[in-house]
Amino acid sequence: MISTVKSIIVTSVLLVVIAIAGSAIAVEVDGVVTDGRTPIDGARVRVHGQIDFTVTDSEGRFSLSSPVDALGAVVVTAGKMGWINGGVKITASTSFTTIVLEKLPDDDDPDYEFITPHKSLVDLRHNEPKLNSLRVKSHAKFKESCNLCHFEPTCYLCHRDIYNQWSQSHHAQAVTNPWLQDMYNGTDAEGNENVGPGFRIDFPDEEGECADCHAPTAALKAPGKTDLKVVYNRGIVAYPIEIGYKSFEQKERERQAGSVDATGIHCDFCHKIKNVEVNDRAGVNGAIEMHRLTLKDEKREAEGRLPMIFAYGPYDDVINFSPVSNAAVTSPMVASYNPIYTQSEYCSSCHQHQNEFGMPFMDTYREWEASVYNEAGIECQSCHMKPDYDLGRGTFVNGDAEKFWTPVEARDLSTVKRHDFLGGAEEMVKNSATLAISAVADTSGISVDISIKNVSAGHHLPSGITLRNMLLLVTATDATGDTLAYTGSERVPDYGGIGAMEDGNYAGYPGRGFALIFGDDEGNEQVMDWQATRIVSDTRIPAKEVDQSAYRFVLSNPNQPISIHTKLIYRRAFKELADEKKWELIDITVAEDTTEIDPSLRLSKNTPSVRLSLEARFKQLLAALL
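The following refers to the structure shown. Please read these numbers as outputs of a predicted model, since none were measured by experiment. (Residues numbered from 1 in each chain as written. Predicted model: local features only at pLDDT ≥ 70, side-chain atom pairs only at ≥ 80, totals over all residues. Heavy atoms only, no water.)

Moving on, we get to the environment of aspartate 188. Within the secondary structure, aspartate 188 is located in the loop between helix 5 (178-185) and helix 6 (199-202). Sequence separation of aspartate 188 and aspartate 579 is 391 residues, and the distance between their C-alpha atoms is 9.6 Å. Setting aside residues no more than four positions away along its own chain, aspartate 188 makes contact with Asp182, Val195, Glu580, Lys581 and Lys582. Engagement of the side chain of aspartate 188 in a polar contact is seen with the backbone nitrogen of glutamate 190, the distance being 2.9 Å. Of the polar contacts made by the side chain of aspartate 188, one reaches the side chain of lysine 582; its length is 3.3 Å. (Helix = DSSP H or I, 4+ residues; strand = E, 2+ residues; numbered from the N terminus. Contact = heavy atoms within 4.5 Å. Polar contact = N/O pair within 3.5 Å; in protein donor to acceptor, adjacent residues only side chain to side chain.)

Below you can see the structure in the form of structure tokens.
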């Protein structure tokens, strides 16, 4: 618990050089950042929303010069890891200012109740004591909108656009994903039990670590020992979240059931992460350090306003007062700058994990760490949380969390990130690799060399859970459309599917497979992650690297042009497993190409010519003369 977060103090005001050129304002101001008594070194200071910043010295001093397009007052902010962001409004006569920051308490509160991300709002009009409390206050004195007084706090209430993005993400479906539940419980898509592999089939007396990443707020209560099926049943089946107005009884049922846990990897959990230790542990079971805080502001509560909500984030200039209007007062959001949110180490908490035998259950972070992307400073967030320029131009009420109460022109739009976390989906997979084909004909057939380059994935391709795989399909056809006979050795492995080709089964077809294949101590291959004790093969393509393979086809008619068709497809699961589980498996085309050659032209170059024959005769004559 901490006291009310104060509005920032502006001390002595002497001279600011604010030169106006059109709508741009050049701000030049000196100052100091303190905790009220002691200077704070290493604090990042900037004009609210601007890219350029400076850092305070050992005495907490700073000197700032920055251009800004301001709609309201100019605000100078400060932020440092472990402190609540702060700032001050300055005027045309300010040359020196003091920014006072408040330190965060160190203790994590294990009894903290996470806020639901959903638009499941409790209508306080059904709470007669609360309503009477509101009525005795003059509504003319309220500084916030009706929503912020009459409804319980949720992420959707203020950050609607970001909520809508998140709700479509795999993070939001981390508990409800039917494939996950089937793999955990050993069921199929129709709910039949004991179908195919299942973690609880192999380990009926163990809960496992799945929930430590997929249902982290539930797993915080029992790391490494949380039953993912129980989280699903209580939060989705028994007490599902009702979207919209609800009674306080329903709200209490949801709270007791832990329905917020069933929302998977949600906003309030992610923004309570203080630090991540890069290791091979799973999520909250040894990789994530939480910092759950319940902030109290007696004045706010007395006025019937929303309680304070604490959040870590990547911004040092997200403040809790409006620079646009002097009439607007502090918002409920209290933010603290944390650089881990822009670093790949943050993602490693759930995307770097080994099973009990030391096998890489999930190795994506380490793949990135060894790649040129790491060397170039391209973090996971650079690709999976691309800038959202539409959201950056939005408004506070309907979203725009990163730009919280900032003038439209003041936030650099490149820093406003999407929250749908695209990954193994078509948007990210398509065109992540390129194909290059080289074909040469001779008297007996056609030789084809194919190069596949991982051009845009900052990790192996494919990556993530080891069910994911890619298949390269190579076909040679003549002018009539007939397929040429194949005599090469490169063929699609069994995990491409055994059976009719029209059903998507390509095992044995000319081509290649790309996957991490596990085995166990009994000689079995293609076993599940939790069963793996050895790596059978790893044919995945590392970032920016090239896979090369060769193919040979019989040339039935050298006088017809030949077409070489290549197609690289991505699958989220092995075909046999998908069929067994009755999952709908969609082939995503990563890259495809067609190259045509005319064998008759190629063959003519390889046939002995008259010139060569005459040359041979000349050599014979010369030899005879000598």
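There is more to say, and it comes next.
Here we take up the sheet that holds strand 20 (residues 511-514). Strand order in this open sheet of four strands is 20-19-24-25, and the pairing throughout is antiparallel. Both outer strands of the open sheet, strand 20 and strand 25 (588-597), are each paired with one neighbouring strand and no more. Strand-to-strand twist of the sheet, defined as the mean angle between neighbouring strand axes without regard to direction, takes the value 10°. (Pairing = 2+ DSSP bridges. Axes fitted to C-alpha atoms, helices over the stretch in contact; angles between N-to-C directions.)

Of all the residues in helix 9 (residues 228-238), the buried ones are Leu228, Val231 and Gly235. Looking straight down helix 9, one finds its buried side chains confined to an arc of 65°; they lie on one side. Looking at the buried positions of helix 9, the neighbouring elements they touch are helix 5, helix 7 (210-214) and helix 8 (216-219). Two to three positions downstream of the cap, the backbone nitrogen of lysine 229 sits 2.8 Å from a side-chain oxygen, assigning the N-cap of helix 9 to aspartate 227. (Buried < 20%, exposed > 50% of the residue type's maximum accessible area, 1.4 Å probe, protein only. Arc of directions from axis to C-beta.)

With 55 residues, the main nonpolar core has Phe269 and Ile273 as its most contacted residues. With four residues, helix 5 is the largest single contributor of residues to this core. For isoleucine 273, the contacting residues outside a window of four places in its chain are Ile288, Glu289, Met290, Tyr312, Asn338, Tyr341 and Tyr346. If you look at the next biggest cluster of nonpolar residues, it comprises 31 residues, including Ala441, Ile562, Leu568 and Ile588. (Core = buried A, V, L, I, M, F, W, Y, C linked by side-chain atoms within 4.5 Å.)

A few words on the pairing of strand 13 (residues 309-313). Among the five residues in strand 13, five count as buried, and that is most of the element. Burial of the side chains of strand 13 extends over both faces: Ile309, Ala311 and Gly313 are buried on one face and Phe310 and Tyr312 on the other. Pairing analysis gives five bridges linking strand 13 to strand 14 (residues 333-337), with the strands arranged parallel. Across the sheet, residue isoleucine 309 finds its bridge partner in strand 14, namely methionine 333.

Taken as a whole, this structure holds 21 salt bridges when the rule is applied. Between arginine 255 and glutamate 252 there is a salt bridge, and its shortest N-O distance comes to 2.6 Å. Within this pair, arginine 255 and its partner glutamate 252 are both found in helix 10 (residues 248-257), separated by three residues, close to a single helical turn. Note on arginine 255: relative accessible area 39%, which makes it partly exposed. The class of glutamate 252 is partly exposed, set by a relative accessible area of 31%. Each of the salt bridges in this network shares a partner with another, and the network as a whole consists of Arg44, Arg46 and Asp316. (Salt bridge = Lys/Arg side-chain N within 4 Å of Asp/Glu carboxyl O.)

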